[in-house]
Protein chains: 2
Amino acid sequence: MLSNIRIVLVNTTHPGNIWATARSMKNMGLNQLYLVQPKFFPHQDATARAAGADDVLEKAKVVATLAEAIAGCKQVFGTSARKRSLPVAILNPRQAAQKAMRQENVAFVFGQERAGLSNDELLCCNYHVYIPTVDDFSSLNLAASVQVIAYELYINDFSKEAKLPYDEFATADEMALFYQHLQRTLIDINFLNHDNPQHVMRRLRRLFNRNQIEKTELNILRGILSSIGKTRG
Amino acid sequence: MLSNIRIVLVNTTHPGNIWATARSMKNMGLNQLYLVQPKFFPHQDATARAAGADDVLEKAKVVATLAEAIAGCKQVFGTSARKRSLPVAILNPRQAAQKAMRQENVAFVFGQERAGLSNDELLCCNYHVYIPTVDDFSSLNLAASVQVIAYELYINDFSKEAKLPYDEFATADEMALFYQHLQRTLIDINFLNHDNPQHVMRRLRRLFNRNQIEKTELNILRGILSSIGKTRG
């Protein structure tokens, strides 16, 4: 899966960001680097410091437009530190990595160092990825952004784990119905006090919300609650 | 909490890694930088490129030994790409960040670019943090390692969330007993078929294993199972 993911750098100005990207990619099992009109490439600094990731640089594709770089991709994720009022869904790096792992051909796009992605470039993307930071210093160094995304992709690569079927995440509505069902059941079996269920319910919400729950998992959990109801008659 | 965490760079040789570290720290709300015998510091490149993270560099403490850098710390996490046979517990970045957030004074220590931390330096640490990578290219660029750790610290900073009590994680033994109890209960309520419970149990294990379960959470889950048993008489 990782080998199908493209890392696209748009109009990169510092060679240092190109070698650092190549190294981060190689560490994390990525190897498809696309460079849209880089200012300097190839560049001796990038080659010298890629230190073992030379192969990623050697097979990097230099293209003239973002459209060429993402041609054939089914999902395109654009990273941006600026919040904008565009009709593009916003994901954090983990959510983006989990989505990316469910697709065949995926690209992550990173803008120019100072300007980031333009609105037009971001509108070529299906999702806008926002790396969480403190409010007053939100712009990550380009190579640092690539590292965070590459790391999340690597640790969310299910193909490294035992093969299990994966499916869509449950929606917020479905989770709300589950929590209602759970609370009702826990009151019925006298685990929760009818008057004050909130403390324990809050802990349970936190437990289930820490990771996105898949639809199949939610079906299992609701099936369990229904079975508890039935055995009580 | 983030403001209590020290980032310690030992014998850093490239000024670029110092400014990149300062930027990553500032993005992620960290501000205590310790430099143990850096080769060049201050250095004009580092200052020029810190771009907004100058304050982190200005208040960086330059010290002569690792012992000085970690003095007063209750937990010390040493990062290393090399697996070693030392009696130090190994954590991934997420586990390390979650542990770090439960302590007052914490340091994350990063070794020299080429050599990494020496065995003696790593033995000053309570934990060894290993950033997951592909097997055949496991050494991250220093600044990239700092970025991964800083990112995990930031997204695991519970003080940003609603205050809830946090406690220790359940152990593998406790989780094994929970899964036995869960399976027994699910068979009792006729949710699982006695002869072939494994498919559903595997999905449930994956759900609960995706995040470390805290002891308090496990107590709640086992309490629910016990209540189900009681209502059935």
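This structure is a prediction, so every number in the text was calculated from the model and none was measured.

Here is what the cut-offs are and how they apply
- Residues numbered from 1 in each chain as written.
- Chains lettered and ligands numbered in written order.
- Predicted model: local features only at pLDDT ≥ 70, side-chain atom pairs only at ≥ 80, totals over all residues.
- Heavy atoms only, no water.
- Least-squares fit on C-alpha atoms with pLDDT ≥ 70 in both.
- Helix = DSSP H or I, 4+ residues; strand = E, 2+ residues; numbered from the N terminus.
- Contact = heavy atoms within 4.5 Å.
- Buried area = accessible area lost by both parts, 1.4 Å probe.
- Salt bridge = Lys/Arg side-chain N within 4 Å of Asp/Glu carboxyl O.
- pLDDT = per-residue confidence, 0-100.
- Core = buried A, V, L, I, M, F, W, Y, C linked by side-chain atoms within 4.5 Å.
- Buried < 20%, exposed > 50% of the residue type's maximum accessible area, 1.4 Å probe, protein only.
- Phe/Tyr/Trp six-rings, centres within 6.5 Å; stacked < 30°, edge-to-face > 60°.
- Lys NZ or Arg CZ within 6 Å of the ring centre and 35° of its normal.

A.B. asks: What am I meant to see in the relation of the copies chain B and chain A here?
C.D. replies: For the pair of chain copies, the relating transformation is a rotation about an axis with a translation along it. When chain B is fitted to chain A, the best match, at an RMSD of 0.2 Å, comes from turning it 180° and sliding it 0.1 Å along the axis. Here the two chains are linked by the operation of a two-fold rotation axis.

A.B. asks: How should I be thinking about unusual backbone geometry in this particular structure?
C.D. replies: A negative phi angle is the norm for most residues apart from glycine, just as the trans form is the norm for most peptide bonds. Residues and elements named next belong to chain A. The amide bond that connects Phe 41 to the next residue, Pro 42, takes the cis arrangement and shows omega of -5°. Inspection of the secondary structure puts Pro 42 in the loop between strand 2 (32-36) and helix 2 (44-49). Its identity is not glycine, yet Asn 11 carries a phi of approximately 55°, on the positive side. The phi angle at Gln 37 is positive, at roughly 40°, despite the residue not being glycine. By the element assignment, Gln 37 lies in the loop between strand 2 and helix 2.

A.B. asks: Any chance you could explain the interface of chain B and chain A here in plain terms?
C.D. replies: Size of an interface, as often reported, equals the accessible area lost when the parts are brought together. With 59 residues of chain B at the contact, the number on the chain A side is 59 residues. When the two sides are added together, the surface that chain B and chain A hide from each other amounts to roughly 5,400 Å², 63% of it contributed by carbon and sulfur. Counting across the chain B and chain A interface gives 8 salt bridges. The shortest N-O distance in the salt bridge between Glu 217 of chain A and Arg 206 of chain B comes to 3.8 Å.

A.B. asks: For this particular structure, what's the right way to read the confidence of the model for chain A?
C.D. replies: Any residue range with low pLDDT should be treated as having predicted coordinates unsuitable for detailed reading. When the pLDDT values of chain A are averaged, the result is 89; 95% of them are 70 or greater. The model gives residues 162-166 of chain A a pLDDT under 50, and that stretch makes 10 contacts with residues more than four places away or in other chains.

A.B. asks: I tried to follow the nonpolar core on my own but got confused; where do I start?
C.D. replies: As a rule of thumb, nonpolar side chains are buried together in soluble globular proteins. Phe 108 and Leu 153 of chain A together with Phe 108 and Leu 153 of chain B are the most contacted members of the largest nonpolar core, which totals 88 residues. The contacts of Leu 153 of chain B, once residues within four sequence positions are left out, are Leu 2, Ile 5, Leu 30, Ala 97, Ala 100, Met 101 and Phe 108 of chain B. Grouped together as the second largest cluster of nonpolar side chains are 41 residues, Leu 182 of chain A together with Ala 170, Met 175 and Phe 178 of chain B included.

A.B. asks: What exactly am I supposed to notice about the packing of aromatic side chains here?
C.D. replies: Note on aromatic pairs: each is described by the distance of the centres and the angle between the planes. As enumerated under the stated definition, the model contains 10 aromatic pairs over all chains in all. A ring pair is formed by Phe 208 of chain A and Phe 208 of chain B, whose centres lie 6.2 Å apart and whose planes are at 55°; its orientation type is tilted. On the criterion of chain membership, the pair formed by Phe 208 of chain A in helix 9 (residues 198-209) and Phe 208 of chain B in helix 9 (residues 198-209) is interchain, its members lying in two chains. No difference in accessibility class separates Phe 208 of chain A from Phe 208 of chain B, as the two residues are buried. Three or more aromatic residues joined by ring pairs make a cluster, and in this case those are Phe 178, Tyr 179 and Phe 208 of chain A together with Phe 178, Tyr 179 and Phe 208 of chain B. In this structure, Lys 26 of chain A packs its charged tip against the face of Phe 137 of chain B, placed 5.6 Å from the ring centre. We note Arg 205 of chain B situated over the ring of Tyr 179 of chain B; from NZ or CZ to the ring centre the distance is 4.4 Å.

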